[in-house]
Amino acid sequence: MTTNGDVLIKVDDVHKVYNKKLHALNGVSNEIRKGEVVVIIGPSGSGKSTFLRSLNLLEVPTTGHIYFEGTDITSKKTDIDKHRQKMGMVFQHFNLFPHKTILDNITLAPMKLLGKSKEEAQKRGMELLRLVGLEEKANGYPSQLSGGQKQRIAIVRSLAMDPDVMLFDEPTSALDPEMVGEVLELMKKLAHDGMTMVVVTHEMGFAKEVGTRCIFMDEGQIKEEGAPEEFFDHPTEPRLQDFLSKVL
Amino acid sequence: MANFQDKFILNFITDNRWHYIWNGLLTTLQITFFAVLLGITLGFLIAIVRSTHDKTGRMKIGNVICNIYITVIRGTPVVVQLMIIYYVVFSSVDINKVIVAILAFGMNSGAYVAEIFRSGIMSVDQGQFEAGRSLGFNYRQTMIHIITPQAFKNVLPALGNEFIVLLKETSVSGYIAMQDLTKGGDIIRSRTFDAFMPLIAVAIIYLVMVMIFSKLVSMLERRLRNSDH
Ligand SMILES: Nc1ncnc2c1ncn2[C@@H]1O[C@H](COP(=O)(O)OP(=O)(O)OP(=O)(O)O)[C@@H](O)[C@H]1O
Ligand SMILES: [Mg+2]
């Protein structure tokens, strides 16, 4: 492993069962360390999204524990909203707020949750917009943006909360091919700036180039994990070999 | 033509009969205005309880109570509800009839508004909810800042329609001997034995109010739409 930072998220034997019989997660344990870029791949229905979404408790594990920065967030006593402020999440379908301007999308949470003043939040918002080259869209609405622009704004909206980790669930899967690059570029930039990231994706190029660790999920379990080089070049798990032969 | 003029004078000018129409109109507007406020408030609260139950499974008892309320209100005629509130609930209390009417029509409207709001809330994409929660907003904050503004916009046409229905439904206020607009016209009819003129006048006034209101709603709709599409 390329990093040996502190453990940021610890997943301890998590199971997720839907409707009493569908085992979406079947005993998953893992540790995500500061500065890591963890890429999760696997076939459809293997539990990638369920795993990612349980990290910020959008899906509540049926059993097992998840610790974020040392706190058991699966405990009923934990104020999950406070911890979610430190965990950015980016969705396949962007989920920008259509009734708010681009700038308001970015400043809403910092103002309401961090108590930032409007000027402060907007100043930071404009900085972030400049980072992604979309400052002239500040007063426009999400519906006026292309898919790639929407996703970059969604990333920026999360960054405005200064998260300690960013979770991405297939951030480029809903994009036209020509827009995938601009989003991956931004993610790469984040990774280089040291952001801890967990990314579910089908972009194997990104996984190889930017990932510090790759996880292969199948049937609700982590079947193989490792640094990208050995993971892609010398997979041991037959299911992973099979999967890679299909997608590469 | 002279005949028309005579009838007009008889129905509206003699004995200041237009006062029946004018005072009736004021009463109708008063009832409608406050019933709309009550209906929105009640409807909003019920919708929040119901959709919170739908989304999270919480508030089971509240949901049951709201369900019963909606079923009863929507399953019985508003004029019967009005009479029950006046002659049964407040039978032994000396209470202003306007307040009775506001309560009856407001409570009635609340049941319909609740279902309109609820469908609006449920029609907002689940991803909006998840985006709010993942930023760290709690359930209530997500509702306030993200879901209800979008829900309100989605249901504005249906809401406008509901208030037009409410305005017209207040015309049964005469059943508890209130002198609203409709009753005003009817009183003139009983004095002058001319049905045509006072009733047509009343009809035109309702129509004009509805048209003005529809116009306002569509202007508001356009403004909201322009702001994000
Ligand atoms: N809310 C839910 N209710 C019931 N079953 C669910 C729910 N969410 C996910 N599942 C099921 O759990 C399993 C894992 O789903 P998950 O979405 O985690 O897969 P995935 O690896 O992300 O797949 P994909 O690549 O298609 O996004 C699937 O069988 C799915 O049908
Ligand atoms: Mg998925």
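This text follows the structure it describes.
First, a word on what this report is: a plain description of the structure on this page.

What to know about the overall build of chain A
Turning to step 1, where the next piece is worked out: When its secondary structure is counted, chain A shows nine helices and ten strands.
Turning to step 2, where the next piece is worked out: With respect to the three principal axes, the spread of C-alpha positions in chain A is 55 × 45 × 35 Å.
Turning to step 3, where the next piece is worked out: In chain A, which comprises 248 residues, the proportion classed as buried is 55%.
Turning to step 4, where the next piece is worked out: The long-range share in chain A, meaning contacts at least 24 apart out of those at least 6 apart in sequence, stands at 67%.
Turning to step 5, where the next piece is worked out: Summed over all atoms, the accessible surface of chain A reaches about 10,800 Å², with 47% contributed by carbon and sulfur.

Things to note about the sheet that holds strand β4 (residues 63-68) of chain A
Residue and element names in this part refer to chain A.
Turning to step 1, where the next piece is worked out: Pairing is antiparallel across the open sheet formed by four strands, whose spatial order is β2-β1-β4-β5. Each end of this open sheet is capped by a strand with a single partner; those strands are β2 (22-33) and β5 (71-72).
Turning to step 2, where the next piece is worked out: This element, helix α1 (residues 48-55), spans β1 (7-18), β2 and β4 of the sheet and lies at about 55° to β2.

Examining α1(A)
All names here are of chain A.
Turning to step 1, where the next piece is worked out: Extensive coverage of α1 is indicated by the burial of seven of its eight residues.
Turning to step 2, where the next piece is worked out: For α1, the set of buried residues is Lys48, Thr50, Phe51, Leu52, Arg53, Ser54 and Leu55.
Turning to step 3, where the next piece is worked out: One or two residues past the end of α1 sits Leu57, with phi positive at roughly 65°.

Focus: the interface of chain A and chain B
Turning to step 1, where the next piece is worked out: Counting residues at the interface gives 24 residues for chain A, matched by 20 residues for chain B.
Turning to step 2, where the next piece is worked out: A combined buried area of about 1,900 Å² lies between chain A and chain B, and 59% of that area is made up of carbon and sulfur atoms.
Turning to step 3, where the next piece is worked out: The tally of links from chain A across to chain B stands at two salt bridges.
Turning to step 4, where the next piece is worked out: The shortest N-O distance in the salt bridge between B:Glu130 and A:Arg53 comes to 2.8 Å.
Turning to step 5, where the next piece is worked out: For the interface between chain A and chain B, the tally reads six residue pairs in polar contact (both at pLDDT 80 or more).
Turning to step 6, where the next piece is worked out: Where the side of chain A that touches chain B is concerned, the elements lending two or more residues are α2 (80-84), β6 (87-90), α3 (102-114) and α5 (147-159) of chain A.
Turning to step 7, where the next piece is worked out: For the side of chain A that touches chain B, the leading source of residues is α3(A), giving four residues.
Turning to step 8, where the next piece is worked out: Looking at the side of chain A that touches chain B, its residues break down into twelve nonpolar, six polar and six charged.

Conventions and cut-offs
- Residues numbered from 1 in each chain as written.
- Chains lettered and ligands numbered in written order.
- Predicted model: local features only at pLDDT ≥ 70, side-chain atom pairs only at ≥ 80, totals over all residues.
- Heavy atoms only, no water.
- Helix = DSSP H or I, 4+ residues; strand = E, 2+ residues; numbered from the N terminus.
- Buried < 20%, exposed > 50% of the residue type's maximum accessible area, 1.4 Å probe, protein only.
- Contact = heavy atoms within 4.5 Å.
- Areas by Shrake-Rupley, 256 points an atom, 1.4 Å probe, with all protein chains shown as cover.
- Pairing = 2+ DSSP bridges.
- Axes fitted to C-alpha atoms, helices over the stretch in contact; angles between N-to-C directions.
- Buried area = accessible area lost by both parts, 1.4 Å probe.
- Salt bridge = Lys/Arg side-chain N within 4 Å of Asp/Glu carboxyl O.
- Polar contact = N/O pair within 3.5 Å; in protein donor to acceptor, adjacent residues only side chain to side chain.
- Nonpolar A, V, L, I, M, F, W, Y, C, P; charged D, E, K, R; others polar.

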